[in-house]
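Listed here are the chains, written in short residue letters.
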Amino acid sequence: MNVDIPLNYFLILSSVMFFVGIYGFLTRRNLITILMSVELILNSTCINFVAFNRYLYPDNLHGHFFALFIIAVAAAEAAVAIAIIINIYRHFTTINVEDVDEMKY
Amino acid sequence: MEMTNSQIMFLIFSAIIVIFSILTVTSRRILRAATYLLFVLISTAGLYFMLNFQFLAAVQITLYAGGIVVLIIFSILLTSHISQKFERIQISKIIFSAIAAIAGIILTVTTILNYEFKANKVVLQNIDMKVIGRSLLNYGDNGYVLPFEVISILLLAAMIGAIVIAKKKIKS
C-alpha cells in the first residue's frame with residue numbers, strides 16, 4: 001500500500017489545504033468563517049504529521065500522537081473562540097470583523 | 001491507466017478535500033460553508049483509515065466532525081441569519097489574497113518535489129489500543145504521560161474559560 005502512493009502526494013495535498021485556509025483567513029469577514037479557515041489550517045498540519053510518521057519513521061508513533069494532541073488543542077481553541085464570538089455578538093449585535101472596532105486607536 | 005484500488009481511493013479523497021475546502025472559503029452562505037467543512041474533515045478521516053491509523057481516524061470523526069463542526073453550526077444559528085448571503089468582497093482583496101495563496105502553493109510544491117524522500121521499508125506493527133494506551137501512560141522512553149497530563153489541564157482551563165466568558169452577566 002505504501003509504494004502505490006508516493007509521500008509527495010500527501011504533502012502536496014496538505015500544502016494545498018493549508019494555503020486554501022490562509023486564503024480564507026485573509027478574505028473572510030465573518031468571525032466564524034475565519035475560525036473555519038483556522039480549522040482547515042490545523043487539519044492540514046495533522047495530515048502532514050501522519051504522512052511523515054507512516055512513510056519515513058514507521059517504527060514509532062510520534063506523528064500519530066502529535067496529530068492526536070493537535071486535534072485536542074484545536075477543540076479547546078474552538079470552544080474558547082466561540083465563547084468570545086458569542087460575547088462579541090451580545091455587545092455589538094454583529095460579528096463582522098470590520099464592525100468590531102471599539103478598541104481602535 | 002492501470003490504478004490500484006488504494007490509488008483510486010486516494011484520488012477520490014483528495015479530490016473531495018481540495019474541492020470542498022475551496023468551496024468552504026468562497027461560499028457566500030455560511031451554513032453551506034460549515035457543511036463543506038464537515039465533508040473535508042470526514043475525507044481526512046478517510047485518509048487516516050487508508051494509512052492504517054484507525055484510532056486517529058475515529059478520533060478525527062468524533063472530535064472534529066462531530067464536535068467542532070456541531071459547535072460551529074450552533075454558534076452560526078445563535079449569531080446570524082442563516083439565510084442571509086454575504087456581501088461581495090472587494091475584487092482587490094480577492095486578487096491579493098489569491099496571489100499570496102498561489103505563490104505560497106507554488107513555493108511549497110516546488111520545494112517538496114525537489115527533495116528526495118527516502119521511504120523507509122520497515123513495516124509498521126499493528127497499532128491496536130494496547131500500544132496506544134501504554135504509550136500514553138508511559139513514564140520511560142517514548143512515553144507521552146507529560147503531554148497527556150498537560151492536555152487535561154488545558155481542556156479544564158478551556159472549559160472554565162469558555163463558561164466564564166460566555167455566561168450572561170447578572171445585572172444586580
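Residues numbered from 1 in each chain as written. Chains lettered and ligands numbered in written order. Predicted model: local features only at pLDDT ≥ 70, side-chain atom pairs only at ≥ 80, totals over all residues.

S.K.: An account of the overall build of chain B is requested, with residue identities and associated values reported.
M.R.: Across its full length, chain B carries 6 helices and 0 strands. The N-to-C order of helical and strand elements in chain B reads α-α-α-α-α-α. Computed over its C-alpha atoms, the radius of gyration of chain B comes to 21 Å, more than 25% above the 16 Å expected for a compact globule of 172 residues. Once the C-alpha set of chain B is aligned to its principal axes, its extents read approximately 60 × 50 × 30 Å. Classification of the 172 residues of chain B by burial places 22% in the buried group. (Helix = DSSP H or I, 4+ residues; strand = E, 2+ residues; numbered from the N terminus. Rg over C-alpha atoms; globule rule 2.2 N^0.38 Å. Buried ≥ 20, exposed ≤ 12 C-beta atoms within 10 Å, placed from the backbone.)

S.K.: Residues and numbers for the environment of Ala72(A), please.
M.R.: Structurally, Ala72(A) is set in helix 3 (residues 62–92). Apart from residues no more than four positions distant in its own chain, Ala72(A) is found in contact with Ile151(B) and Leu155(B). (Contact = placed C-beta atoms within 7 Å.)

S.K.: Talk me through the interface of chain A and chain B; I want residue IDs and the actual numbers.
M.R.: Between chain A and chain B, the contact holds 62 residues from the first and 69 residues from the second. Broken down by secondary-structure element, the contributors of at least two residues to the side of chain A that touches chain B are helix 1 (7–27), helix 2 (31–55) and helix 3 of chain A. Here the side of chain A that touches chain B gets 21 residues from one element, more than from any other, and that element is helix 3 of chain A. Split into classes, the residues belonging to the side of chain A that touches chain B amount to 45 nonpolar, 12 polar and 5 charged. (Nonpolar A, V, L, I, M, F, W, Y, C, P; charged D, E, K, R; others polar.)

S.K.: Could you give an account of the nonpolar core, with specific residues and numbers?
M.R.: One finds Ile32(A), Val50(A), Ala34(B) and Leu37(B) to be the most contacted residues of the largest nonpolar core, which totals 64 residues. Among the secondary structure elements, those contributing two or more residues to this core are helix 1, helix 2 and helix 3 of chain A together with helix 1 (5–26), helix 2 (30–50) and helix 3 (54–79) of chain B. For Ile32(A), the contacting residues outside a window of four places in its chain are Ile85(A), Ile95(A), Ile30(B), Ile72(B), Ser75(B) and Ile76(B). (Core = buried A, V, L, I, M, F, W, Y, C linked by C-beta atoms within 7 Å.)

S.K.: Summarise the domain arrangement of chain B; cite the residues concerned and give the values.
M.R.: Per the domain assignment, the segments making up chain B are domain 1 (5–121) and domain 2 (128–172). Relative to domain 2 of chain B, the C-alpha centre of domain 1 of chain B lies at a distance of 26 Å. (Domains from an automatic or database assignment.)

S.K.: Go over the packing of helix 2 of chain A against helix 3 of chain A with me, naming the residues and quoting the values.
M.R.: All names here are of chain A. Close contact between helix 2 and helix 3 brings their axes to 8 Å; oriented N to C, the two are set at 175°. Between helix 2 and helix 3, the angle falls in the class roughly antiparallel. Listed contacts from helix 3 to Leu31, Ile32, Leu35, Glu39, Leu42, Thr45, Cys46, Phe49, Val50, Phe52 and Asn53 of helix 2 are His62, Gly63, His64, Phe66, Ala67, Ile70, Ile71, Ala74, Ala78, Ala81 and Ile85. Broken down by class, the residue content of the contact of helix 2 with helix 3 amounts to 16 nonpolar, 5 polar and 1 charged. (Axes fitted to C-alpha atoms, helices over the stretch in contact; angles between N-to-C directions. Parallel < 35°, antiparallel > 145°, perpendicular 65-115°, else oblique.)

S.K.: How would you sum up helix 1 of chain B? Please name residues and give values.
M.R.: With 22 residues, helix 1 of chain B extends 32 Å between its outermost C-alpha atoms, agreeing within 8% with the 32 Å of an ideal straight helix rising 1.5 Å per residue. Among the structural elements, helix 1 and helix 2 of chain A together with helix 2 of chain B are those in contact with the buried residues of helix 1 of chain B. (Expected span 1.5 Å × (residues − 1).)

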